[in-house]
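# Structure at a glance
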Amino acid sequence: MMSMTVFCSSCLLNRGWGLCGQLGHGDFTDLSTPKAVDFFQAQNTPIKVACGTGQTACILECASEGRVLYIWGAGACVSRLGDSTTPDISTPLCIDTMSLLSANASKSSEFDIYTLVQDIACGAMHTLILTGEGMMHVYGKLSPLMGNVCRVEDYSENDAKSIASGGNHLAVLLGRKWIKDEDADKCMKCSKEFTFVFRQHHCRSCGGIYCGDCTKKRAPVLKFGYQEMVRVCDTCYTRIMK
């Protein structure tokens with residue numbers, strides 16, 4: 001197995017299993033003692049690193065380019081779609097993060113491309129990438145145990161905070177879950193059932209579905225770009241106005 005550590009402000013140390021080149025030293029040998037990855041010595045600050053069984057991923061903070069993503073190791077792990085014919089890569093490979101942008105984000109004048117890559121996580125043979133617009137991309141080879149995992153998931157309306165992955169599973173921490181209309185037949189606070197007349201309403205902060213009586217209050221929800229007064233539930237109103 002492999003381990004890696006970020007040391008000081010600009011040095012990346014690693015050790016362990018290097019059969020697939022996942023240590024990043026340009027070879028395929030194992031290391032029992034920590035060694036700095038030469039590739040990053042002259043680069044800017046590494047701010048996040050993640051290790052899988054066959055690959056390593058790292059987010060680098062560059063003064064001129066913003067956040068840059070590198071992945072290296074087993075070819076099937078580095079390939080976007082898990083192509084097993086891809087050669088193993090023993091030095092860090094820069095990923096085209098602009099290709100991760102959705103059409104809507106690329107057209108937005110407010111989207112900051114310099115903070116595009118927000119978080120990374122590695123499983124056994126796959127790498128998760130969370131973008132600033134709330135899109136989660138899955139690079140590499142997916143285990144049959146993971147079922148029909150989508151390569152791209154949209155969490156833009158759910159305030160995705162961070163991602164994590166084990167060997168053959170993944171998780172996403174959400175700040176808000178936008179409940180679908182068809183998934184709620186009663187108010188999430190008072191439990192009164194909705195009818196054609198007794199309508200359902202979304203809280204613009206937590207994404208829950210409530211009746212009109214339980215969402216009478218209005219407040220700005222700045223974390224989602226609502227500077228005007230919008231509908232919120234009583235619990236979120238109390239939290240926002242503290």
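This one's a predicted model, so the numbers in the text were calculated from it and none came from an experiment.

### Some points on the side chain of Asp-234
With respect to the element layout, Asp-234 can be found in helix H3 (residues 234-240). Of the polar contacts made by the side chain of Asp-234, one reaches the side chain of Lys-189; its length is 2.8 Å. Residues in contact with Asp-234, not counting those within four places in the same chain, are Lys-189, Cys-214 and Lys-217.

### Topic: the nonpolar core
Membership of the largest hydrophobic core comes to 15 residues, with the highest contact counts inside it found for Cys-187, Cys-203, Tyr-210 and Val-232. Of all the elements in the fold, those that place two or more residues in this core are strand E15 (209-211) and strand E16 (218-221). Sorting elements by how many residues they give to this core places E15 first, with three residues. Ignoring any residue separated from it by four or fewer positions in sequence, one finds Val-232 in contact with Cys-203, Arg-204, Ser-205, Cys-214, Thr-215, Lys-217, Arg-218, Ala-219, Val-221, Tyr-237 and Ile-240. Core analysis: the second largest hydrophobic core is formed by 14 residues, Ala-57, Ile-71, Cys-122 and Tyr-139 among them.

### A few points about the packing of aromatic side chains
Considering all chains together, one arrives at two aromatic pairs under this definition. With a centroid separation of 5.2 Å and 70 degrees between ring planes, the pair formed by Phe-39 and Tyr-70 is classed as edge-to-face. Of this pair, Phe-39 sits in the loop between strand E3 (31-36) and strand E4 (45-51) while Tyr-70 is found in strand E6 (residues 66-73), placing the two residues 31 residues apart along the sequence. A cation over an aromatic ring shows up here: Lys-217 above the ring of Tyr-237, its NZ or CZ 5.7 Å from the ring centre.

### Topic: the environment of Lys-189
Relative to the helices and strands, Lys-189 resides in the loop between strand E13 (170-174) and strand E14 (200-202). Residues Lys-189 and Thr-215 lie 26 residues apart in sequence; the distance between their C-alpha atoms is 9.8 Å. In contact with Lys-189, other than residues within four places in its own chain, are Tyr-210, Cys-214 and Asp-234.

### Describing the sheet that holds strand E9 (residues 126-131)
Ordered in space as E8-E9-E10-E11, the four strands form an open sheet in which the pairing is antiparallel. On the outer flanks of this sheet lie strand E8 (117-122) and strand E11 (152-154), each paired with one strand and no other. Averaged over all pairs of adjacent strands, the angle between strand axes in this sheet comes to 15 degrees, irrespective of strand direction. As paired strands, strand E10 (residues 135-140) and E11 are joined by three bridges and run antiparallel to one another. Each residue of the ladder has a partner; that of Met-135, found in E11, is Asp-154.

### Details of unusual backbone geometry
Here Ser-191, not a glycine, exhibits a phi torsion of approximately 70 degrees, which is positive. Tracing the sequence through the fold places Ser-191 in the loop between E13 and E14. Ser-191 sits in the partly exposed class, given a relative accessible area of 43%.

Thresholds applied
Residues numbered from 1 in each chain as written. Predicted model: local features only at pLDDT ≥ 70, side-chain atom pairs only at ≥ 80, totals over all residues. Heavy atoms only, no water. Helix = DSSP H or I, 4+ residues; strand = E, 2+ residues; numbered from the N terminus. Polar contact = N/O pair within 3.5 Å; in protein donor to acceptor, adjacent residues only side chain to side chain. Contact = heavy atoms within 4.5 Å. Core = buried A, V, L, I, M, F, W, Y, C linked by side-chain atoms within 4.5 Å. Buried < 20%, exposed > 50% of the residue type's maximum accessible area, 1.4 Å probe, protein only. Phe/Tyr/Trp six-rings, centres within 6.5 Å; stacked < 30°, edge-to-face > 60°. Lys NZ or Arg CZ within 6 Å of the ring centre and 35° of its normal. Pairing = 2+ DSSP bridges. Axes fitted to C-alpha atoms, helices over the stretch in contact; angles between N-to-C directions.

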